[in-house]
Amino acid sequence: MTEFDVRALQQRLAAFAAARDWEQYHTPKNLASALSVEAAELVEIFQWLTPEQSARVMEDPATAPRVADEVADVLAYLLQFCEVLGIDVLAALTAKIERNEGRFPVPGSAAREDRHSSE
C-alpha cells in the first residue's frame, strides 16, 4: 500500500476481527479503552527519557520498533473506533484543524487582530 487509504485499512482491520469472531468485543467503550491502553504503552517508552533522548528515540535499534508497534496499535484502535461509530476520521481531523486555525490565529495576523478588535 503506497498511499494512506483509511477505508482500506478499516476494512482490513474489520476482516481480521471478523475472522476471529472478535467483533462482539469491538464496542465503542472497549475500543476507547484499548486505545487508551495502547497510548499509555507508547507513553511508557518515553516516560524516563530526557527531551533530547526522546527526540532521538528512533535512532535506537532496540526502541524504534517498539515505538512503531505502539503507534500502529494506537492507529489501529482509533480506526476501528471510528469505523464502529461511523466517524470519518479524516473529515473530523480536517474540521478540527480548521476550528483550531480560527481559535488560534498566527500571532500578528489579520485574523488575530480582527478577533481582538471584536472582543
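Our structure's up above, just so we're on the same page.
What you see is a predicted model, and the numbers here were worked out from it, not measured in a lab.

**Digging into the packing of aromatic side chains**
All told, the structure shown has 1 aromatic pair when counted by the stated rule. With 5.5 Å between their ring centres and 70 degrees between their planes, Phe16 and Trp22 make a pair best called edge-to-face. Residue class for Phe16 comes out partly exposed when judged on its relative accessible area of 41%. According to the relative accessible area criterion, Trp22 is partly exposed, its value standing at 38%. The residue whose ring lies beneath Arg20 is Phe16, and the NZ or CZ to ring-centre distance is 3.5 Å.

**Some details on helix H1 (residues 6-19)**
Look at H1: 20 Å from first C-alpha to last across 14 residues, which is about the 20 Å you get at 1.5 Å a residue. Elements that come into contact with the buried residues of H1 comprise helix H4 (64-85) and helix H5 (89-103). Positive phi shows up at Asp21, right after H1, with a value of about 60 degrees.

**Here we look at the packing of H1 against H4**
Running from N to C, H1 and H4 point in directions that differ by 90 degrees, and their axes come no closer than 10 Å. The angle between H1 and H4 falls in the class roughly perpendicular. Between H1 and H4, the residues in contact are Val6, Arg7, Leu9, Gln10 and Leu13 and Ala76, Leu79, Gln80, Cys82 and Glu83, respectively. The residue inventory of the contact of H1 with H4, partitioned by class, reads 6 nonpolar, 2 polar and 2 charged.

**Let's talk about the environment of Glu38**
Its location among the elements puts Glu38 in helix H2 (residues 28-46). Exposure remark for Glu38: the relative accessible area of 12% places this residue in the buried category. Leave out the neighbours within four places in its chain, and Glu38 touches Glu70, Asp73, Val74 and Tyr77.

**Quick look at the environment of Leu35**
With respect to the helices and strands, the residue Leu35 is situated in helix H2. Judged by its relative accessible area of 19%, Leu35 is buried. Between the alpha carbons of Leu35 and Phe81 there is a distance of 8.5 Å; along the sequence they are 46 residues apart. Once residues within four sequence positions are removed from consideration, Leu35 is found in contact with Val74, Tyr77 and Leu78.

Calculation criteria
- Within every chain, residues take consecutive numbers counted from 1 along the sequence as written.
- In keeping with the predicted nature of the model, local features appear solely for residues at pLDDT of at least 70, side-chain atom pairs appear and are counted solely at 80 or more, and the whole-chain, interface and lining totals rest on all residues.
- Each side-chain value is worked out from all heavy atoms of the structure, with water and hydrogens disregarded.
- Any pair of Phe, Tyr and Trp rings, taking the six-membered ring for Trp, is counted once the centres come within 6.5 Å. Such a pair is stacked with planes under 30 degrees apart, edge-to-face with planes over 60 apart, and tilted for the rest.
- Here the term buried applies to any residue with accessible area under 20% of the maximum for its type, exposed to any over 50%, and partly exposed to those in between, with areas from a 1.4 Å probe on protein chains only.
- We call a charge positioned above a ring when the Lys NZ or Arg CZ atom is no farther than 6 Å from the ring centre and deviates by at most 35 degrees from the ring normal.
- Numbered from the N terminus, helices here are DSSP runs of H or I no shorter than four residues, and strands are runs of E no shorter than two.
- One fewer than the residue count of a helix, multiplied by 1.5 Å, yields its expected span.
- Contact between two residues is taken to exist if any of their heavy atoms lie within 4.5 Å; hydrogens are not considered.
- Here an axis means a line fitted to C-alpha atoms, over the contact stretch when the element is a helix, while the angle between two N-to-C directions is reported on a 0 to 180 degree scale.
- Our angle categories are set so that under 35 degrees counts as roughly parallel, over 145 as roughly antiparallel, 65 to 115 as roughly perpendicular, and the remainder as oblique.
- Polarity classes work like this: nonpolar for Ala, Val, Leu, Ile, Met, Phe, Trp, Tyr, Cys and Pro, charged for Asp, Glu, Lys and Arg, and polar for all others, with Gly in that last group.

Don't take any of this as a statement about function, it's just geometry.
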